[in-house]
Amino acid sequence: MKKLLSVLACIMTGTFMTAQTTDSLQLQEVVVTGARHAIDVRHLPMTVTVIGREKLTEQHQASVLPTAMQQVPGLFVTSRAMTGYGVSTGAAGGINMRGISGGAGQLLVLIDGHPQYQGIYGHPISDSYQSLMADRVEVLRGPASVLYGSNAMGGVLNIVTRKMHGDGVKTTLDLGAGSYGTLQTEATNQVRSGKFTSTVSAQYNRTDNHRSRMGFEQYGGYMKLGYDLSTHWNAYVDADITHFNASYPGAVSSPLYDANQWITRGMVSAAVENHYSRTSGALSVYSNFGRHKIDDGTSDPAKPTQRYFRSKDALTGISWYQSFVVGDMLSPTHGRLTVGADYQHIYGHAYYTSKQTGEVLDTPNKQSGKSYRNEIAGYVDYRQDLLGWLTLDAGVRVDHHSITGTEWIPQAGVVVRPIATGEVKAMVSKGFRNPTMREMYLYPPSNEDLEPERLWNYELSWRHRLGALTYGANLFYIKGDNMIQTMPVDGKPRNVNTGEIENYGAELELAWRVNGHWALSTNHSLLHMENPVVAAPTYKGFLGVDYRCCKWTVNAGLQYINGLYTAVGNNEKKENFCLLNLAVDYALCKNISLWARGENLLAQEYEINLGYPMPRATFMGGVTLNF
């Protein structure tokens, strides 16, 4: 850590000396995730990475997660196949940030600021996060519990949805096919006519994947309708739904048969927003819902299982916030006050049904009518700009859970802009996660006396823009306790608040627009964990090269993973691998382009989930129509 601090100090000192010759300033990067309202990222004390739609779609990925893992240092997403993350035993799609895993709901996924997670198990459903809905993705590294509450203890990934900006009609059709019988299709229509806007998308994907009994099929759709009520007020409704059928073959050492899943996940929301010169805010209502049917499979195909696991869950919420300018907007010493409130009703039901008769069977749980939870919270955040070069920020949230009680969540940060093109940020923030229904009520390890998990994050960062070059460096330290673990108590497994987290590390990132044709980007993250967890690499690095000329667009990416834990404890195991990916687009004419994508072109042999070898080199090709 001392060496890392020294390196950061040298970078900052050298920058101060050379920045006087810099006479160009990048356009302001506006984000919404770190403050609820639109703000220049240079005035936020937390670290936010923005991935625009052009970057999200240049590799023709159906999900936003593969691109996010490449572009965000410290972020890692587990995989087990060419397409499809799945759920239950052997599933992938776990989102890990700085060693804080999203598998138990410790990293929060948002759609337009609305939480997305399963009500009973509390984890994200990664096959739901489709590129077709996303205008951009904003990833906040570190706790965001002041604004977003439980599950945001490791950070948030916010999918900001699409809308048409200029009048007209635009339709896009993307078709692709490739290795292992993979088919990938997407169609989107966007309309803007005066005050009305609409976006409607549909998607169908399927693959056999690289192992037998590992097929995946997905149907998805997204719709957003908006209307400008006046110059200052607008309203929208949107809906997203995905259904997938997945099979998994089990680990190589212990194969499974007839292990199948039928999953439906959806989201609907409605919002009214206001935008004035001195104040802005929104009131929204949203609901997430899910239906899950799972056959856990059998190791002996002659002895099939006799029941399905089923669950129904939903999360309904109301969110309100309003932000006010304090003082003269044109003065370098004005402030910004944001107040807000959230309410969530989280409910669900897990049970088994007989394959033969369909009757409901007993479920090993202790819910005793507690199949729902309510959560209500209020928060306030105040940010003060001083003298044009200093910003102070402080916020607090009071969160009351109907079962675990009241939690106070503070944060504080400072931003110093010693030069027009660079800023130093320091941040201290608390994160927390309420226990899930599964942890409290389902199955023998459940424990009704569980308390929330808690951690503190300390972060120091530097970001600098030198014309076409931007780079940044982060140092962080995370200390947490009360982590929920399953431990033997009186000879029986039981969920208890006994785990600890102590992680620290560094992150580096750089982007350089070399000229009109070439662009380079690279990011690196180092992580040390006193108590290692799976799906958290010690080192993750990415180097990307983009080339654009005439009708050609080429994107190459090299990602190196070192010290990835696939098992911990007495049977600890790590993986090291290097992945080379390449995507090529050729504009055949104004409305038609051809594309091809290759992944793992070095044909690396590796695992991310223990016992689930990843495919060697794979290829996809297709056509995009715009009219």
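Computed from a predicted structure; not experimentally measured.

Reading the values: rules and limits
Residues numbered from 1 in each chain as written. Predicted model: local features only at pLDDT ≥ 70, side-chain atom pairs only at ≥ 80, totals over all residues. Heavy atoms only, no water. Helix = DSSP H or I, 4+ residues; strand = E, 2+ residues; numbered from the N terminus. Rg over C-alpha atoms; globule rule 2.2 N^0.38 Å. Contact = heavy atoms within 4.5 Å. Areas by Shrake-Rupley, 256 points an atom, 1.4 Å probe, with all protein chains shown as cover. Lys, Arg positive; Asp, Glu negative; His and termini not counted. Charge placed at Lys NZ, Arg CZ, Asp CG, Glu CD. Pairing = 2+ DSSP bridges. Axes fitted to C-alpha atoms, helices over the stretch in contact; angles between N-to-C directions. Buried < 20%, exposed > 50% of the residue type's maximum accessible area, 1.4 Å probe, protein only. Phe/Tyr/Trp six-rings, centres within 6.5 Å; stacked < 30°, edge-to-face > 60°. Lys NZ or Arg CZ within 6 Å of the ring centre and 35° of its normal. pLDDT = per-residue confidence, 0-100. Polar contact = N/O pair within 3.5 Å; in protein donor to acceptor, adjacent residues only side chain to side chain. Disulfide = S-S within 2.5 Å. Core = buried A, V, L, I, M, F, W, Y, C linked by side-chain atoms within 4.5 Å. Salt bridge = Lys/Arg side-chain N within 4 Å of Asp/Glu carboxyl O.

## Remarks on the overall build of the protein chain
- Counting its secondary structure elements, the protein chain contains 5 helices and 37 strands.
- The C-alpha radius of gyration computed for the protein chain amounts to 24 Å, which stays within 12% of the reference 25 Å derived for 627 residues, consistent with globular compactness.
- Counted over contacts in the protein chain with a minimum sequence separation of 6, partners at least 24 positions apart contribute 62%.
- Surface exposure of the protein chain reaches about 25,500 Å², of which carbon and sulfur atoms provide 60%.
- Within the protein chain, one finds 54 positive and 54 negative side-chain charges whose respective centroids are separated by 2 Å.

## A few points about the sheet that holds strand β4 (residues 75-77)
- Spatially, 3 strands are ordered β4-β5-β6 in an open sheet, and the strand pairing comes out antiparallel. Edge strands, defined here as strands with exactly one partner in the open sheet, are β4 and β6 (100-101).
- Where β4 lies against strand β5 (residues 95-97), 3 bridges are found, and the strand directions are antiparallel. The residue bridging Phe76 from the neighbouring strand is Asn96, located in β5.

## Observations concerning the sheet that holds strand β7 (residues 108-111)
- Spatially, β3-β9-β10-β7-β8 is the arrangement adopted by the 5 strands of the open sheet, whose pairing is mixed. Edge positions in the open sheet fall to β3 (47-52) and β8 (114-116), since each of these has one partner strand only. Neighbouring strand axes in the sheet, compared pairwise and without regard to direction, differ in orientation by 25 degrees on average.
- Direction of pairing for β7 relative to strand β10 (residues 155-161): parallel, over a ladder of 4 bridges.

## Here's the deal with the pairing of strand β9 (residues 134-141)
- Burial within β9 is extensive, with 7 of its 8 residues counted as buried.
- Summarising the sheet, β3 and β9 pair through 6 bridges and their orientation is antiparallel. Each residue of the ladder has a partner; that of Gly52, found in β9, is Arg136.
- Summarising the sheet, β9 and β10 pair through 7 bridges and their orientation is antiparallel. Each residue of the ladder has a partner; that of Arg141, found in β10, is Gly155.

## So, the packing of aromatic side chains
- Here the structure, examined in full by the defined rule, presents 10 aromatic pairs.
- Ring centres 5.9 Å apart and planes at 90 degrees place the aromatic pair Trp262 and Tyr308 in the edge-to-face group. Placement of Trp262 in strand β18 (residues 257-275) and of Tyr308 in strand β20 (residues 307-326) is noted, with a sequence separation of 46 residues between them.
- For Tyr308, a relative accessible area of 17% gives the class buried.
- By way of ring pairs, the aromatic residues Tyr121, Phe309 and Tyr352 are connected into one cluster.
- Here Arg98 stacks its cationic end above the ring of Phe476, 4.4 Å away from the centre of that ring.

## A few points about the confidence of the model for the protein chain
- Considering every residue of the protein chain, the mean pLDDT works out to 90; 93% of them sit at 70 or more.
- Low pLDDT, under 50, characterises residues 1-27; the stretch is placed with 37 contacts to residues that sit more than four places away or in other chains.

## Observations concerning the side chain of Gln203
- Residue position: Gln203 is located in strand β13 (residues 196-207).
- Contact partners of Gln203, with chain neighbours within four places excluded, come to Ala62, Gln130, Leu132, Thr185, Glu186, Gln218, Tyr219 and Gly220.

## A look at the environment of Asp313
- Positionally, Asp313 belongs in strand β20.
- Note: C-alpha distance between Asp313 and Ile125 (188 residues apart in sequence) is 12 Å.
- When sequence neighbours within four positions are dropped, the list of residues in contact with Asp313 reads Gln118, Gly119, Ile120, Arg265, Asn288, Phe289, Gly290, Arg291, His292, Tyr347 and Gly348.
- A distance of 3.3 Å separates the side chain of Asp313 from the backbone nitrogen of Gly119, its partner in a polar contact.

## Examining the state of the cysteines
- Scanning all chains against the criterion turns up 0 disulfides.
- Cysteine Cys589 remains unbridged, with the sulfur of Cys550 as its closest cysteine sulfur at 16 Å.
- Looking at Cys589, the relative accessible area reads 38%, which means it is partly exposed.

## Some points on the environment of Pro45
- With respect to the element layout, Pro45 can be found in the loop between β2 (39-40) and β3.
- When the C-alpha atoms of Pro45 and Val398 are compared, they prove to be 21 Å apart, with 353 residues separating the residues in sequence.
- Those residues in contact with Pro45, other than ones at most four positions away along the chain, are Asp393, Gly413, Val414, Val415, Lys425, Ala426 and Met427.

## Some remarks on the pairing of strand β34 (residues 592-599)
- When strand β33 (residues 573-587) meets β34, the two strands line up antiparallel, connected through 6 bridges. By the bridge assignment for β34, Val584 is matched with Ala596.
- The turn joining β33 and β34, which pair antiparallel and follow one another in sequence, is formed by 4 residues.
- With 8 bridges joining them, β34 and strand β37 (residues 618-626) adopt antiparallel strand pairing. Note that in β37 the partner of Glu599 across the bridge is Thr618.

## Points about the nonpolar core
- Core analysis: the largest hydrophobic core is formed by 41 residues, its most contacted members being Leu44, Val48, Leu108, Tyr148, Val156 and Phe244.
- Setting aside residues up to four positions removed in sequence, Tyr148 forms contacts with Val32, Thr33, Arg36, Leu108, Leu110, Gly113, Val156 and Arg397.
- If you look at the next biggest cluster of nonpolar residues, it comprises 34 residues, including Phe76, Tyr85, Leu132 and Leu564.

## Digging into the pattern of salt bridges
- The final tally for this structure, using the stated rule, is 30 salt bridges.
- The residue Asp40 makes a salt bridge to Arg42 at a minimum N-O spacing of 2.6 Å. Both residues of the pair, Asp40 and Arg42, belong to the buried class.
- Residues Asp385 and Arg417 are paired through a salt bridge, measuring 4.0 Å at the closest nitrogen-oxygen approach.

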